[in-house]
Amino acid sequence: MTPLNIKAVPQISICDSVKQTELDKFNGTHVFRYDAEGHCKLPHVFKFSGGRSSGLLLFILLESGILKAERGDVIVFNNTSAEHPNTYKFARQCKELIERKYKIPFFWIEYQTYEDARNARYTRITSYRLVNSEPYSRTNPNGYRWKGEAYEEMLSWSGFVPNLYQRTCTVSLKLKCTRDFLKEWFANKPATERLGHFGKTSRLDDEELYERHLNSNGSVPKNIFLEKKKYVRAMPVSRPSQIWMDYSPVAKPFKNPYLAEKTQGKRTFFGKEGCEYLSFVGLRHDEMRRVIKVRRRNGGGTESVGYEGEHVYMPLSDMKITREDVEDFWNLQSWNLELDSKDNLSNCTYCFLKGLNGLQRAHASISSKLDDSMKGTPCDINWWIDIEERYGRDMEAEKREIRKSVPNRFIGFFGANNGFSYRRLANSSGQEELKCFADTLLPCDCTD
């Protein structure tokens, strides 16, 4: 791979007391200041999104020496299995260069469930698995999934699709996955723990599963409920132990006394008096709504639930880096993310949170280039149509009361009050036809 143009990477100097100064774009130096005394000793976690902004920040931190392997610092890419092939290519290029040049562990992880007993009953429990940076196949069983497998496993177990108000995909595929990963990584053991019972087949019982659903005030008819559970129940009943170095060759034992104090057995614990860590995300200065949302989360309170111990840093915002600056940086390189930013194909290809205009741009771009290898994958809108219609909620079938004011008896990714769906997007003849949804399908301000 052609090396990164290091001269184009903005530099950061580290100081615990000097007030932050403004970066003169790519020719100046920004002073990075930790928010609290002792933060420099906490492990640093870089959450790599697979996009250009995230990539720029990562190389800034690496070139400035802020990430240190001996502290337990790590880079994590959460694979939703619904990304564009060029996102995977870019993430692979970044991983290979970083591990070779900077020696910082860079892991790809995916959502996974396994089967075990809880409260004397067998159930499936959510966790993660390590994957390598080549596609899954029969000859590469530890490769990353890219045909929506992890996404569908999550939907099959939850029994419904996420929507504008319940971003269960972000919580399950990214937030919880990363937290579970860090509990094991920070414990500084040579491998992950084997999870699940030791049986060869599922020990879940249809009648018991459905009884639990009814006891939880569920109302989905039994045949629909069990049909939705088919996919997840076909998944492996256990997660094997995985050796860290098999997935990142530079992953080695580290010496951080702080982490040793926060570890019990094979896992590090969070919460009250638990482990704290720094998390770096690539939010820019022109994404201030998202930046402010994260800063509120850092402040504690109800918005910090699920993020206990995490202190998020957003250096791109502090450095006043904008989308234009990010584009300028990558245009100087001999390699880049091979997706036009105007096509809105980063992250999950047809994510329902991209807003109407974003979805229309993504569909116009990707549908015109869809080849046989992409058909039936999340690059194909028909995959999203199928997923929405199989895992959405049919209020009529559930015998739920349907208000006359609600235009849609079926609750999919866009909710019941909207009337929009992936099928409607696929069947539209142009932008004007969907104009009526412009005010209700706005792009999100996600921060994970």
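Quick caveat: nothing in here was measured; it's all calculated off a predicted structure. (Residues numbered from 1 in each chain as written. Predicted model: local features only at pLDDT ≥ 70, side-chain atom pairs only at ≥ 80, totals over all residues. Heavy atoms only, no water.)

Participant: Help me get a handle on the packing of helix α3 (residues 149-158) against helix α4 (residues 168-185), residues and values and all.
Facilitator: Where α3 meets α4, the closest approach of the two axes is 11 Å, and the angle between their N-to-C directions is 120°. The angle between the axes of α3 and α4 places the two elements in the oblique class. When you trace α3 past α4, the crossing you get is right-handed. Packed against α3, whose contacting residues are Ala150, Tyr151 and Met154, the element α4 presents Thr168, Cys169, Ser172 and Leu173 at the interface. Residues that form the contact of α3 with α4 fall into these classes: five nonpolar, two polar and no charged. (Axes fitted to C-alpha atoms, helices over the stretch in contact; angles between N-to-C directions. Helix = DSSP H or I, 4+ residues; strand = E, 2+ residues; numbered from the N terminus. Parallel < 35°, antiparallel > 145°, perpendicular 65-115°, else oblique. Left-handed = near helix turned anticlockwise from the far one by under 90°. Contact = heavy atoms within 4.5 Å. Nonpolar A, V, L, I, M, F, W, Y, C, P; charged D, E, K, R; others polar.)

Participant: Tell me about the confidence of the model for the protein chain, and name the residues and values.
Facilitator: Reading predicted coordinates in detail is not appropriate for stretches of low pLDDT. Here the protein chain averages 88 in pLDDT, while 89% of its residues score no lower than 70. Contacts from residues 13-24, a stretch scored under 50 in pLDDT, to residues over four places away or in other chains number 35 contacts. (pLDDT = per-residue confidence, 0-100.)

Participant: Please set out the pattern of salt bridges residue by residue, giving values where relevant.
Facilitator: Pairs can form between side chains of opposite charge whenever their charged atoms are close. Applying the stated criterion across every chain, the model contains 25 salt bridges. Among the ionic pairs, lysine 176 bridges to aspartate 180, the shortest N-O distance being 2.9 Å. Of this pair, lysine 176 and aspartate 180 both sit in helix α4, four residues apart, which is roughly one turn of that helix. Take aspartate 180: its relative accessible area is 7%, and that puts it in the buried class. The partner of arginine 233 in a salt bridge is aspartate 206, and the shortest N-O contact between them spans 2.2 Å. A residue pair is termed long-range when its members are at least 10 positions apart, and arginine 233 in helix α6 (residues 222-233) and aspartate 206 in helix α5 (residues 206-215) qualify at 27 residues. By relative accessible area, arginine 233 is classed as partly exposed at 22%. (Salt bridge = Lys/Arg side-chain N within 4 Å of Asp/Glu carboxyl O. Buried < 20%, exposed > 50% of the residue type's maximum accessible area, 1.4 Å probe, protein only.)

Participant: Give me the lowdown on the nonpolar core, citing residues and values where you can.
Facilitator: By size, the foremost hydrophobic cluster in this structure holds 103 residues, and its most contacted members are Phe48, Ile98, Phe107, Tyr151, Phe181 and Tyr422. When residues in this core are grouped by element, the largest group, seven residues, is from helix α1 (residues 52-63). When near neighbours in sequence (up to four residues on either side) are disregarded, tyrosine 151 contacts Thr80, Ser81, Ala82, Pro162, Cys169, Leu173, Cys348, Phe352, Trp383, Trp384 and Phe413. Residues Leu283, Val291, Val294 and Met314 belong to the second largest nonpolar core, which totals six residues. (Core = buried A, V, L, I, M, F, W, Y, C linked by side-chain atoms within 4.5 Å.)

Participant: Before we move on, could you go through the sheet that holds strand β4 (residues 74-79) and cite the residues and values that matter?
Facilitator: Within the open sheet, the seven strands sit side by side as β7-β6-β5-β4-β3-β12-β13. Their pairing is mixed. A single partner strand is all that each edge strand has here, and the edge strands are β7 (143-144) and β13 (310-313). Note that strand β5 (residues 106-118) and strand β6 (residues 121-135) share 11 bridges and pair antiparallel. Across the sheet, arginine 118 pairs through a bridge with arginine 121, a residue of β6. (Pairing = 2+ DSSP bridges.)

Participant: Tell me about the packing of aromatic side chains, residues and numbers included.
Facilitator: For the structure shown, the criterion picks out 41 aromatic pairs. Taking the centre distance of 5.5 Å and the plane angle of 70° together, the rings of phenylalanine 48 and phenylalanine 106 count as edge-to-face. Taken as a pair, phenylalanine 48 in strand β3 (residues 44-48) and phenylalanine 106 in strand β5 lie far apart in primary sequence, 58 residues in all. In textbook terms, an aromatic cluster arises when at least three aromatic residues are bridged by ring pairs, as seen for Phe48, Phe59, Phe77, Tyr88, Phe90, Tyr102, Phe106, Trp108, Tyr144, Phe329, Trp330 and Trp335. In this structure, arginine 179 packs its charged tip against the face of phenylalanine 270, placed 4.2 Å from the ring centre. (Phe/Tyr/Trp six-rings, centres within 6.5 Å; stacked < 30°, edge-to-face > 60°. Lys NZ or Arg CZ within 6 Å of the ring centre and 35° of its normal.)

Participant: Would you mind going over the environment of glutamate 338 in detail, with residue names and values included?
Facilitator: Turning to its location among the elements, glutamate 338 is positioned in the loop between α10 (323-331) and α11 (355-367). Given a relative accessible area of 45%, glutamate 338 falls into the partly exposed group. C-alpha of glutamate 338 to C-alpha of phenylalanine 90: the two residues are 248 residues apart in sequence and 7.7 Å apart in space.

Participant: Explain the side chain of histidine 213 residue by residue, including any values.
Facilitator: Checked against the element boundaries, histidine 213 lands in helix α5. The residues touching histidine 213, leaving out its near neighbours within four places in the chain, are Gly218, Ser219, Val220 and Phe225.

Participant: Please set out unusual backbone geometry residue by residue, giving values where relevant.
Facilitator: One non-glycine residue with positive phi stands out, namely asparagine 188, at about 65°. Phi at asparagine 347 is positive, roughly 60°, even though this residue is not glycine. Within the fold, asparagine 347 resides in the loop between α10 and α11.

Participant: Just give me the short version of helix α8 (residues 288-298), but keep the residues and values in it.
Facilitator: Given 3.6 residues per turn, any residue in an α-helix points the same way as the ones three and four places further on. Along α8, the residues that are buried comprise Val291, Val294 and Arg297. For α8, the angular spread of buried residues about the axis comes to 120°, placing them on one side. (Arc of directions from axis to C-beta.)

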